[in-house]
Amino acid sequence: MKHIFIMYDIKKMHDFEKYIHKTMQGLDYLIQYTHSQQEIIQFIKQLSQPARIYSVGGDGALNIVVQATVHTQHEVVVIPLGTGNDFCRMLTKEKNPVTLLKQSLKCQAIPIDTIALNDLYFINSACFGVDSIIATHVHDTPHIPLVPDSKSYIVSILQHVFQYQFDEVVIEGDGQLLYKGPVTLCTFNNGQYYGGGFPIIPHANVQDGYMDICVVDKVPKSKIPYLLTFLLRRLLHKRKEVHFFKVKEAHISSHITCNMDGDEVQGEEFDLKVMPQSIQFVMYDKDIKL
């Protein structure tokens, strides 16, 4: 099987290229630099044989690769070189992309779930509250000296949380009304993390055939930082303002646009459905010794 690395044509990726050449010696591989989302999708869809596709970047880059590899025999590997890297956080505690590249060569791909959102797919999360606004504008945050790019989500939270106008949503799941009212946070997850490392749904499982929903009621804005401390300690379930649901299909009406794994999705009506075992994904083995 051919190994194909999908990377945006930016300096950080070019710097990483030398490690690819060193690690992949003797293997059949290709480095494909791209400049747009559509270019990535078109390139993958024209491949005549199943390949192992390496998404080198963050959650947004992985999201584009997912659009072209769901319901195919391609295998997907995520190499974390982005801002949030939330889906990869669930797979391994290792953060070094070179170490993970080496480890991936010893790992098998297994089928995992994705979630269909209207005519798109996502592998990690889709959010609709202030979390959506924060994720959509995280790359608009100004560069602050001595603050690494990995902390951009924190900067975006500070910028937007106190300007947020609470949106009212209506959520139905598996034929029942689950929630109606204004929300602070609202996310539909396949994975466990979002927002640059927040463990929003620690019990989420990408192979259980369900999506997990977390909704936080409208709370005073001054209380939001306090709630974040519960989120960071994985204690959000102890708060009465927080609601969890587990369903196979859902519908949400929202006036705030959706942020789906780093990409903004316009609309007000969204249908979501779990696609069980719909993508072949390389899951890092924590017991592998390099």
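Structure report, in brief. (Residues numbered from 1 in each chain as written. Predicted model: local features only at pLDDT ≥ 70, side-chain atom pairs only at ≥ 80, totals over all residues. Heavy atoms only, no water.)

## So, the overall build of the protein chain
At step 1: Helix and strand content of the protein chain: 8 helices and 15 strands.
At step 2: For the protein chain, long-range pairs separated by at least 24 residues make up 72% of all intrachain contacts whose partners lie at least 6 apart in sequence.
At step 3: Of the roughly 13500 Å² that the protein chain leaves accessible, carbon and sulfur atoms contribute 51%. (Helix = DSSP H or I, 4+ residues; strand = E, 2+ residues; numbered from the N terminus. Contact = heavy atoms within 4.5 Å. Areas by Shrake-Rupley, 256 points an atom, 1.4 Å probe, with all protein chains shown as cover.)

## Details of unusual backbone geometry
At step 1: Unusually for a residue other than glycine, Arg234 sits at a positive phi of about 60°.
At step 2: For Arg234, the location among the structural elements is in the loop between helix H8 (224-232) and strand E11 (242-247).
At step 3: The exposure class assigned to Arg234 is partly exposed, which follows from its relative accessible area of 40%.
At step 4: We note that Asp261 has phi near 50°; this positive angle belongs to a residue other than glycine.
At step 5: Note that Asp261 resides in the loop between strand E13 (258-260) and strand E14 (263-265).
At step 6: Judged by relative accessible area, Asp261 falls into the buried class, the value being 4%. (Buried < 20%, exposed > 50% of the residue type's maximum accessible area, 1.4 Å probe, protein only.)

## Remarks on a negative patch on the surface
At step 1: Where like charges cluster on the molecular surface, the negative patch consists of Asp174, Glu249, Glu268, Glu269 and Asp271.
At step 2: Positionally, Glu268 belongs in the loop between E14 and strand E15 (269-282). (Patch = residues over 30% accessible without salt bridge, like charges linked within 9 Å, V, L, I, M, F, W, Y side chains within 5 Å. Salt bridge = Lys/Arg side-chain N within 4 Å of Asp/Glu carboxyl O. Lys, Arg positive; Asp, Glu negative; His and termini not counted. Charge placed at Lys NZ, Arg CZ, Asp CG, Glu CD.)

## Regarding H8
At step 1: Here H8 has its buried residues at Ile224, Leu227, Phe230 and Leu231. Burial along H8 is one-sided: seen end-on, the buried residues are contained in an arc of 105°.
At step 2: Buried-residue contacts for H8 involve strand E9 (176-189) and strand E10 (211-217).
At step 3: Just beyond H8, the residue with positive phi is Arg234, at close to 60°. (Arc of directions from axis to C-beta.)

## Description of the nonpolar core
At step 1: In this structure, Phe16, Val56, Phe87 and Phe281 are the most contacted members of the largest nonpolar core, which totals 49 residues.
At step 2: The dominant element in this core, judged by the number of residues it contributes, is helix H3 (residues 59-69), at 5 residues.
At step 3: Not counting residues up to four positions away in its chain, the partners in contact with Phe16 are Met7, Val56, Ile79, Leu81, Pro97, Val98 and Leu101.
At step 4: Listed in part, the 25 residues of the second largest apolar core include Leu178, Phe188, Met260 and Val274. (Core = buried A, V, L, I, M, F, W, Y, C linked by side-chain atoms within 4.5 Å.)

## A look at the pattern of salt bridges
At step 1: Tallying each qualifying case throughout the model produces 8 salt bridges.
At step 2: Residue Asp86 is joined to Arg89 by a salt bridge in which the shortest nitrogen-to-oxygen separation is 3.5 Å. Placement of the pair is Asp86 and Arg89 together in helix H4 (residues 86-91), with a separation of 3 residues, close to one helical turn.
At step 3: In this structure, Glu241 engages Arg239 in a salt bridge whose closest nitrogen and oxygen atoms are separated by 3.0 Å. You'll find Glu241 and Arg239 in the same group, each marked buried.
At step 4: Among the charged side chains, a salt-bridge network with shared partners connects Asp208, Asp212 and Lys246.

## A word on the packing of helix H2 (residues 37-45) against H3
At step 1: Two numbers describe how H2 lies on H3: the axes approach to 9 Å, and their chain directions differ by 35°. For H2 against H3, the interelement crossing comes out right-handed. For the pair H2 and H3, contact is made by Gln37, Ile40, Ile41, Ile44 and Lys45 and by Ile64, Val65, Gln67, Ala68 and Thr69, respectively. (Axes fitted to C-alpha atoms, helices over the stretch in contact; angles between N-to-C directions. Left-handed = near helix turned anticlockwise from the far one by under 90°.)

## Quick word on the packing of helix H1 (residues 11-23) against helix H5 (residues 97-104)
At step 1: Their axes nearest at 11 Å, the elements H1 and H5 cross at an angle of 30°. The orientation of H1 with respect to H5, classified from their angle, is roughly parallel. Here H1 and H5 pass one another in a crossing that is right-handed. For the pair H1 and H5, contact is made by Phe16, Tyr19, Ile20 and Thr23 and by Pro97, Val98, Leu101 and Lys102, respectively.
At step 2: Classifying every residue of the contact of H1 with H5 gives 6 nonpolar, 1 polar and 1 charged. (Parallel < 35°, antiparallel > 145°, perpendicular 65-115°, else oblique. Nonpolar A, V, L, I, M, F, W, Y, C, P; charged D, E, K, R; others polar.)

## Considerations on the packing of aromatic side chains
At step 1: The full count for this structure, using the stated rule, is 6 aromatic pairs.
At step 2: Measuring from centroid to centroid gives 6.1 Å for Phe16 and Tyr19, while their planes differ by 45°, and the two rings are tilted. Linking Phe16 with Tyr19, this pair stays in helix H1, spanning 3 residues, or about one helical turn.
At step 3: Residue class for Tyr19 comes out partly exposed when judged on its relative accessible area of 35%.
At step 4: Aromatic pair Tyr226 and Phe230: ring centres 5.2 Å apart, planes at 75°, arrangement edge-to-face. Pair noted here: Tyr226 and Phe230 are both in helix H8, with a separation of 4 residues, about one helical turn.
At step 5: Of the residues examined, Phe230 reaches a relative accessible area of 11% and is grouped as buried. (Phe/Tyr/Trp six-rings, centres within 6.5 Å; stacked < 30°, edge-to-face > 60°.)

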